[in-house]
Amino acid sequence: MPGRYPVSFGEVDLLGDLDRPSGWVISKDGVPQSYVDLEDPTYLDFEYVQLMALVIDLLDEGPLDAVHVGGCACTLPRYVAATRPGSRQIVAEPDGGLVQLVRDQLRLKSVPRLKVRVLDGRTATAALPDSSADLVVLDAFSGATMPIDLATSEYMGDVARVLRPAGTLVANVADGKGLAFARRLLSTVRGTFRHTVLLADPGVMRGRRFGNLIVAASRVELPFAGLTRRAAGGLVQARCLYGEELTRFVAGAPPLRDGDAVVIPVPPPEVFG
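Residues numbered from 1 in each chain as written. Predicted model: local features only at pLDDT ≥ 70, side-chain atom pairs only at ≥ 80, totals over all residues. Heavy atoms only, no water.

K.L.:
Would you mind showing me how to read the packing of helix 1 (residues 47–57) against helix 2 (residues 75–83) here?
P.N.:
The axes of two packed helices give the description: the angle between them and the distance between them. Here helix 1 crosses helix 2 at 35 degrees, and the two axes come no closer than 11 Å. For helix 1 against helix 2, the interelement crossing comes out right-handed. From helix 1, Val49, Met52, Ala53, Ile56 and Asp57 reach across to helix 2, where they touch Thr75, Leu76, Tyr79 and Val80. Residue composition of the contact of helix 1 with helix 2, by class: seven nonpolar, one polar and one charged. (Axes fitted to C-alpha atoms, helices over the stretch in contact; angles between N-to-C directions. Helix = DSSP H or I, 4+ residues; strand = E, 2+ residues; numbered from the N terminus. Left-handed = near helix turned anticlockwise from the far one by under 90°. Contact = heavy atoms within 4.5 Å. Nonpolar A, V, L, I, M, F, W, Y, C, P; charged D, E, K, R; others polar.)

K.L.:
Hey, could you run me through the packing of helix 6 (residues 180–190) against helix 9 (residues 243–250) in this one?
P.N.:
Running from N to C, helix 6 and helix 9 point in directions that differ by 125 degrees, and their axes come no closer than 9 Å. Between helix 6 and helix 9, the angle falls in the class oblique. As helix 6 runs across helix 9, the sense of the crossing is left-handed. In contact with Arg183, Leu186, Ser187 and Arg190 of helix 6, helix 9 contributes Gly243, Leu246, Thr247, Phe249 and Val250. For the contact of helix 6 with helix 9, a count of residues per class yields four nonpolar, three polar and two charged. (Parallel < 35°, antiparallel > 145°, perpendicular 65-115°, else oblique.)

K.L.:
Explain the pattern of salt bridges to me, please; I cannot follow it from the model alone.
P.N.:
Pairing between side chains becomes possible if they bear opposite charge and their charged atoms approach one another. A complete count under the given rule lists 12 salt bridges for this structure. Note that Asp158 and Arg161 form a salt bridge whose closest N and O atoms lie 2.6 Å from each other. Of this pair, Asp158 and Arg161 are both found in helix 5 (residues 153–162), three residues apart, which corresponds to roughly one turn of the helix. Put simply, Asp65, Arg88, Asp134 and Arg164 are held in one network by salt bridges that share partners. (Salt bridge = Lys/Arg side-chain N within 4 Å of Asp/Glu carboxyl O.)

K.L.:
Any chance you could explain the sheet that holds strand 10 (residues 195–200) here in plain terms?
P.N.:
Two orientations exist for strands paired in a sheet by backbone hydrogen bonds: parallel and antiparallel. One open sheet accounts for eight strands, arranged 7-6-5-8-9-11-10-12; its pairing is mixed. The open sheet has two edge strands with one neighbour each: strand 7 (114–117) and strand 12 (239–242). Each neighbouring strand pair of the sheet contributes to a mean axis angle of 15 degrees, computed without reference to strand direction. As judged from the five bridges shared by strand 8 (residues 133–138) and strand 9 (residues 163–175), these two strands associate in the parallel manner. Bridge pairing links Leu135 to Thr168 in strand 9. Across the sheet, helix 8 (residues 224–233) lies against strand 10 and strand 12, angled at about 0 degrees from strand 10, the strand it touches most. Together, strand 10 and strand 12 form the strand contacts of helix 9, whose direction differs from that of strand 12 by roughly 85 degrees. (Pairing = 2+ DSSP bridges.)

K.L.:
Help me understand the side chain of Thr188 in this model?
P.N.:
Within the secondary structure, Thr188 is located in helix 6. Once residues within four sequence positions are removed from consideration, Thr188 is found in contact with Ala151, Thr152, Ser153, Met156, Pro255 and Leu256.

K.L.:
Would you explain the environment of Val250 in this entry?
P.N.:
On the secondary structure map, Val250 appears in helix 9. When the C-alpha positions of Val250 and Leu179 are compared, they lie 9.8 Å apart, and in sequence the two are 71 residues distant.

K.L.:
Looking at this structure, I do not really get the packing of aromatic side chains. What am I missing?
P.N.:
One pass over the structure, following the stated rule, counts four aromatic pairs. Considering the side-chain rings of Phe224 and Tyr242, the 4.3 Å spacing of their centres and the 10 degrees angle between planes classify their relative orientation as stacked. Of the two residues, Phe224 is situated in helix 8 and Tyr242 in strand 12; the sequence distance between them amounts to 18 residues. Take Phe224: its relative accessible area is 12%, and that puts it in the buried class. By relative accessible area, which is 32% here, Tyr242 ends up partly exposed. Site record: aromatic cluster; members linked through ring pairs are Tyr35, Tyr43, Phe46 and Tyr48. For the cation-ring pair, Arg20 lies above Tyr43, with the distance from its terminal atom to the ring centre recorded as 3.5 Å. The ring of Phe249 has Arg183 sitting right over it, with the charged end atom 4.2 Å from the ring centre. (Phe/Tyr/Trp six-rings, centres within 6.5 Å; stacked < 30°, edge-to-face > 60°. Buried < 20%, exposed > 50% of the residue type's maximum accessible area, 1.4 Å probe, protein only. Lys NZ or Arg CZ within 6 Å of the ring centre and 35° of its normal.)

K.L.:
When you look at the side chain of Asp158 in this model, what are you seeing that I'm missing?
P.N.:
Its relative accessible area of 17% is what places Asp158 among the buried residues. In terms of polar contacts, Asp158 uses its side chain to reach the side chain of Arg161, at 2.6 Å. Residue contacts for Asp158: discarding those within four places in its chain leaves Thr125 and Ala126. (Polar contact = N/O pair within 3.5 Å; in protein donor to acceptor, adjacent residues only side chain to side chain.)

Right under this line is the structure:
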């Protein structure tokens, strides 16, 4: 049922999509957090989620062992379960009240082979075995900001430990004018993973407006040509930076480390009305 619900860390609004009877949005403090279509888990409404799925679709065929840091309504876990049957997935979501709401209202129990752990990202990742995941999806936000402890070199090292040698990290970061935080995050990721790519709307990539940027990284080469082609020709028009272009983009940005004083980018009020 639509309405406002108490969760462990405040309140969220559960809103129905007037254009899709089976579509639902979870919003907190006016910021949309997650969209799911209960009848069609392959329908992805948010553009940045479409870009994350684009990366996942280009990974080797077959089921995946996936870890999702940040859950909310579990949009991408539902997508992976639908597009790669047999996948085993773990979601780390620290808000236990939110997890229960999604179980009660949005059919979370219907997603096969999905385990949800009510833990923060650092704690959940630290508990995972070495070389146990093909994919780690980092999409954790507090409101509209990324927790800094999930953006540091120390955490990226733990992600690399959990990933198999050919495993892939896909991360969502939000930034605005100048992209200072995104550049530092990319510098951090590149310190751990040899191959890295950045995907974003051209206006966001140029720092003209606040928005989401998707980072994909691996110790083995990524499908750069396929990513570039699909990003340019899909429903979501996005630029794709890698290699020398990405090196120039990141130039001079220091990696993030635990304990660094960092200004986390916050969207201007007009972004969400």
